[in-house]
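Analysis of the macromolecular model
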Amino acid sequence: AGTRDRGEFVRRDAVAARLRDGYSVETIKAAVDGCKADLWYQGANDRGKPYNDLELICRSGEKVESFARYRAPPKKTLADDLDVQAFLRGAKGGEA
């Protein structure tokens, strides 16, 4: 206990390098989400092996950008599909 595995330092260095390159924390988070959203990187590939380590995601700026594009679109909510004001007016006696 008390010793850190080399991988932790490698991952930290990769993230720090991308931050120094000017990538935002939000972009790096989007890249992580993108990796998670891609089944191939989660192990649905010919080797049955996940390729989802933070070091891979942050290995280069190109990797960060590529994974960030994979990010699943945000889930739509009912409010996204409604004109809330029109809905509320309708609830007040059918006025449109």
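Above: the structure in question.
Below is a short write-up of the structure. Bear in mind that the values here come from a model prediction, so they are computed numbers and not experimental data.

**As for the nonpolar core**
Counting twelve residues, the largest nonpolar core consists of A14, V15, Y23, I28, A31, C35, Y41, L56, I57, C58, V64 and F67. Those elements that place two or more of their residues in this core are α1 (6-20), α2 (25-37), α3 (54-57) and α4 (61-70). At three residues, the largest contribution of residues to this core is made by α2. Residues contacting C35, with those up to four places away along its chain left out, are Y41, Q42, Y51, N52, I57 and F67.

**Re the packing of aromatic side chains**
Working definition: an aromatic ring pair is given by the centre-to-centre distance plus the angle between the planes. Scanning the entire structure with this criterion turns up five aromatic pairs. With 5.3 Å between their ring centres and 15° between their planes, W40 and Y51 make a pair best called stacked. One end of the pair, W40, is in the loop between α2 and α3; the other, Y51, is in the loop between α2 and α3, with eleven residues separating them in the sequence. Y51 sits in the partly exposed class, given a relative accessible area of 22%. The rings of W40, Y41, Y51, F67 and Y70 are connected pair by pair, giving a single aromatic cluster.

**Overview of α1**
Compared with the 21 Å implied by 1.5 Å per residue over 15 residues, the 21 Å span of α1 between its first and last C-alpha is a close match. Among all positions of α1, only A14, V15, A17 and R18 are buried. Looking straight down α1, one finds that the buried residues subtend no more than 160° of arc, so they occupy a single side. Within α1, the exposed residues directed more than 90 degrees away from the buried face are R6, D13 and R20. Buried residues along α1 sit in contact with α2, α3 and α4.

Thresholds applied
- Residues numbered from 1 in each chain as written.
- Predicted model: local features only at pLDDT ≥ 70, side-chain atom pairs only at ≥ 80, totals over all residues.
- Heavy atoms only, no water.
- Core = buried A, V, L, I, M, F, W, Y, C linked by side-chain atoms within 4.5 Å.
- Buried < 20%, exposed > 50% of the residue type's maximum accessible area, 1.4 Å probe, protein only.
- Helix = DSSP H or I, 4+ residues; strand = E, 2+ residues; numbered from the N terminus.
- Contact = heavy atoms within 4.5 Å.
- Phe/Tyr/Trp six-rings, centres within 6.5 Å; stacked < 30°, edge-to-face > 60°.
- Expected span 1.5 Å × (residues − 1).
- Arc of directions from axis to C-beta.

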